[in-house]
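The primary structure of each chain is shown beneath.
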Amino acid sequence: MSDTTAGTTAGTTADTTADTTADRVRYDRATAHLDAPLAVVDLAAFDANAADLVRRAGGKPVRVASKSVRCRALLERVLARDGFAGVMSFTLAESLWLARSGITDVLLAYPSADRAGYAELASDPELAAAVTVVVDDPAQLDLIDAARGGGREEIRVCLELDTSLRLLGGRVRIGARRSPLHSPGRLAALARVVTRRPGFRLVGLMAYEGHVAGVGDALPGRPLRSRAVRLMQAAARRELAGRRAAAVRAVREVVPELEFVNGGGTGSVQHTAAEDAVTEVAAGSGLLMPRLFDHYTSFGGRPAALFAQPVVRRPGVGVVTVLGGGYPASGPAGQDRLPVPYLPAGLRYDPREGPGEVQTPLLGPAADDLLIGDKVWFRHAKAGELCERFDALHLVEGDRVVATVPTYRGEGRAFL
């Protein structure tokens, strides 16, 4: 399956009209018995992307970021592959649910204020052994202790290092605002607090460099911007590699038996894995390859997740209207957060309307070949958020749906 983004800029993966036409034929044939709206995952593309992540990780295990998948069947599929180990979750309730379903290594990568969840975690030895929670502030330890409700299980703890690149004496910051722990010294100080506190065990360290892993460096039509991004990311990688190594040394002086050091994301897997201090990398979006990951010089992938909307109107020449489609992704508002019409190629949004809450007009010569009831296939901007719109994913092999599996939403789980 090839990569093209109809109505927007093309990705870095080469494509041809013949390739995309064949893909559309396959997907239409596989889902001919199903009414849209619907979502599919192309298993051949999913598995190829998984294999590429393992290759890029260079022998270090890949922890799956569940927020980018949000489907237990797909999590189980990828965890069954060599090279993948453990889940990086996004809420405590999700972590407990995954652990109860049989996943024995869950790293909650975002601090939680879920008191009921902490009470459950502290009272169940199996959950306490399976789930690790991230902290970056002693106040989070206070909240956990106050929420125990009599539970006496030891809570596994991971500290998070702030990865942001700071320039001009800190006046310029590049990177997400996550942990307040920027220096190795501050990280080691919190490590000492954790080790002195009964009921907690420090087992890991994580550092997510989103300004490297989640920002494309080959922006179509913007060569100067792309070069600036590459220069920034090269500088950020060098700075972080040294600071992360120093942070790991500082924390290991406090906790020599530290179990893991997690880093990276889809866009930085090979760079992060090359650091001696890192023991595992995280990735999730790279399995499904949403459109935000089209424009990287260091890797390419195959779009694996698509959704289809039905044509319900033909307002005139060169125009069709599909039902729904207004599924923007999170992040700063902009064109890059919108899904894009993908198949058939050559469709684009009406700039005065865009993708709508209940209907979406699409313009272009390809519209004249579409009939009422035909499917238009779209790509979402981000990976896991698509699953918040659909109860099920239809898994496609070749031109057949081989299984239909529930998303988190389909299992009645809405964690955020």
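Residues numbered from 1 in each chain as written. Predicted model: local features only at pLDDT ≥ 70, side-chain atom pairs only at ≥ 80, totals over all residues. Heavy atoms only, no water.

### Some thoughts on the sheet that holds strand 11 (residues 280-283)
Ordered in space as 2-3-4-5-6-9-10-11, the eight strands form a closed barrel in which the pairing is parallel. Strand-to-strand twist in this sheet, taken as the mean axis angle between neighbours without regard to direction, amounts to 30°. The pairing of strand 3 (residues 84-89) with strand 4 (residues 106-108) spans three bridges and is classified as parallel. Following the sheet pairing, valine 87 is matched in strand 4 by valine 106. Helix-sheet contacts for helix 4 (residues 92-100) involve strand 3, strand 4 and strand 5 (131-135), and the interaxial angle to strand 4 is about 175°. (Pairing = 2+ DSSP bridges. Helix = DSSP H or I, 4+ residues; strand = E, 2+ residues; numbered from the N terminus. Axes fitted to C-alpha atoms, helices over the stretch in contact; angles between N-to-C directions. Contact = heavy atoms within 4.5 Å.)

### Quick word on the pattern of salt bridges
Inspection of the entire model under this criterion finds 28 salt bridges. Between aspartate 399 and arginine 29 there is a salt bridge; the shortest N-O distance is 3.2 Å. Residue aspartate 399 is found in the loop between strand 18 (392-397) and strand 19 (400-406), and its partner arginine 29 is found in helix 1 (residues 17-30); the two are separated by 370 residues along the sequence. Relative accessible area serves as the criterion here: at 29%, aspartate 399 is assigned to the partly exposed category. The salt bridge involving glutamate 385 is made with lysine 382; its shortest N-O contact spans 3.5 Å. One salt-bridge network, in which partners are shared between bridges, spans Asp142, Asp145, Arg148 and Arg197. (Salt bridge = Lys/Arg side-chain N within 4 Å of Asp/Glu carboxyl O. Buried < 20%, exposed > 50% of the residue type's maximum accessible area, 1.4 Å probe, protein only.)

### Topic: the confidence of the model for the chain
Atom-level detail of predicted coordinates should not be read off regions where pLDDT is low. Residues with a pLDDT of 70 or more make up 94% of the chain, whose mean pLDDT is 91. Across residues 1-14, confidence stays below pLDDT 50; counting only partners more than four residues off in sequence or on other chains, it has 61 contacts. (pLDDT = per-residue confidence, 0-100.)

### Some points on the packing of helix 2 (residues 43-57) against helix 3 (residues 72-79)
Packing of helix 2 against helix 3 leaves a shortest axis separation of 11 Å and a crossing angle of 45°. Here helix 2 is positioned oblique relative to helix 3, judged by the angle of their axes. The two elements helix 2 and helix 3 cross, and the hand of that crossing is right-handed. Together, Leu43, Phe46, Asp47 and Ala50 of helix 2 and Leu74, Arg77 and Val78 of helix 3 make up the contact between the two elements. Among the residues making up the contact of helix 2 with helix 3, the classes are represented as five nonpolar, no polar and two charged. (Parallel < 35°, antiparallel > 145°, perpendicular 65-115°, else oblique. Left-handed = near helix turned anticlockwise from the far one by under 90°. Nonpolar A, V, L, I, M, F, W, Y, C, P; charged D, E, K, R; others polar.)

### Some remarks on the pairing of strand 5
Counting buried residues in strand 5 gives five out of five residues, a clear majority hidden from the surface. Burial of the side chains of strand 5 extends over both faces: Val131, Val133 and Val135 are buried on one face and Thr132 and Val134 on the other. Sheet topology note: the strand 5/strand 6 (residues 155-160) ladder contains four bridges and is parallel. Looking at the pairing, valine 135 lines up with leucine 159 of strand 6. In the classification by handedness, the crossover that spans strand 5, the intervening helix 7 (residues 138-147) and the parallel strand 6 is right-handed. (Right-handed = clockwise from strand over helix to strand, strands pointing away.)

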